[in-house]
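Here are the chains, one letter per residue:
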Amino acid sequence: PCSRYWRAAVCSSDLAPFLDLSLSPDSVFVDDTRVARYDVVRQRVGADLGTTWHGVELRVGAYFGQTKVSLDTGSPTLPEERLTDTGLRARLLYDSLDSIGVPRSGSRLSLEAQNPLEALGADVQYTRTALDAVSAFSFGDRQDNTIALRLKGGTSFGAQMPYYDQFPLGGFLNLSGYANQQFRGNDEAFGALVYYRQIASLPP
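Rules behind the numbers
- Residues numbered from 1 in each chain as written.
- Predicted model: local features only at pLDDT ≥ 70, side-chain atom pairs only at ≥ 80, totals over all residues.
- Heavy atoms only, no water.
- Helix = DSSP H or I, 4+ residues; strand = E, 2+ residues; numbered from the N terminus.
- Buried < 20%, exposed > 50% of the residue type's maximum accessible area, 1.4 Å probe, protein only.
- Contact = heavy atoms within 4.5 Å.
- Areas by Shrake-Rupley, 256 points an atom, 1.4 Å probe, with all protein chains shown as cover.
- Lys, Arg positive; Asp, Glu negative; His and termini not counted.
- Charge placed at Lys NZ, Arg CZ, Asp CG, Glu CD.
- Patch = residues over 30% accessible without salt bridge, like charges linked within 9 Å, V, L, I, M, F, W, Y side chains within 5 Å.
- Salt bridge = Lys/Arg side-chain N within 4 Å of Asp/Glu carboxyl O.
- Pairing = 2+ DSSP bridges.

Looking only at helices and strands, the protein features 1 helix and 11 strands. In sequence order, the protein lays out its α and β elements as α-β-β-β-β-β-β-β-β-β-β-β. Along the three orthogonal principal directions, the C-alpha set of the protein runs to about 60 × 60 × 35 Å. By residue count, 33% of the 204 residues in the protein fall in the buried class. In the protein, of all internal contacts separated by at least 6 residues, the share reaching a separation of at least 24 is 53%. Of the roughly 12,700 Å² that the protein leaves accessible, carbon and sulfur atoms contribute 59%. Computing the positive centroid from 19 side-chain charges and the negative centroid from 23, the protein places the two 6 Å apart.

Structure below.
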């Protein structure tokens, strides 16, 4: 149990350790042609200190991370390497959407920042900040019609980020008509307005 002083100082907040393991295939394009695909393996372990206030979640933490990049197919356009990207991260999140896949009401706002730091052992140093906002509302006699607005933005504040951390665009509802993640860059600004209509309901 916490002492009275310790409870007032720390126990009012939430300390959450985490372990993240991920593998993603990232493609490299030259104009409209995919010239290579890389496997990006990321490992992170750390802890976040966070709190929730009126439905808004705020988390700040430190992590130890490593990223391994290896060629899967195609031309060796990028170097194969293993990088340490230990640093700090923060997230502000509000989410009232009724569905993450096809929302019909509510809003979601996510603001995230990560900062690999050479002072903590990172091989590269930069700040990556990303904003993702979605809002949806339905109308009609049976609320069958829905309009959803999505805005995305991000920046590295002029720094050159590794390819796997650059902001991707392309694919369904993210510049539809282009290949998935065909475009990447150190800055991003994107907006989409989507309309869809419910034509049937599946049984439970």
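Residues Leu58, Val60, Leu92, Tyr94, Leu109, Leu111 and Leu131 make up a contiguous nonpolar surface patch of about 530 Å² in total accessible area. Going through the elements one at a time, strand S3 (56-74), strand S5 (87-95) and strand S6 (106-116) are the ones with two or more residues in the nonpolar patch. The residue Leu111 is located in strand S6 in this model.

To continue, consider the pairing of strand S2 (residues 33-53). In the case of a regular strand, side chains alternate between the two sheet surfaces. Note that strand S1 (residues 14-30) and S2 share 17 bridges and pair antiparallel. Counted as the bridge partner of Asp14 is Gly50 from S2. Linkage of S1 to S2, two consecutive antiparallel strands, is achieved through a turn of 2 residues, within which Asp31 is found at a positive phi near 60°. Where S2 lies against S3, 18 bridges are found, and the strand directions are antiparallel. Note that in S3 the partner of Gly46 across the bridge is Tyr63.

The next point concerns the pattern of salt bridges. Taken as a whole, this structure holds 14 salt bridges when the rule is applied. The closest approach of N and O atoms between Asp14 and Arg59, which form a salt bridge, is 2.7 Å. Within this pair, whereas Asp14 is found in strand S1, its partner Arg59 is found in strand S3, the two being separated by 45 residues in sequence. Among the salt bridges present, the one from Asp26 reaches Arg184, with a minimum N-O distance of 3.6 Å.

Keep in mind these values describe shape, not function.
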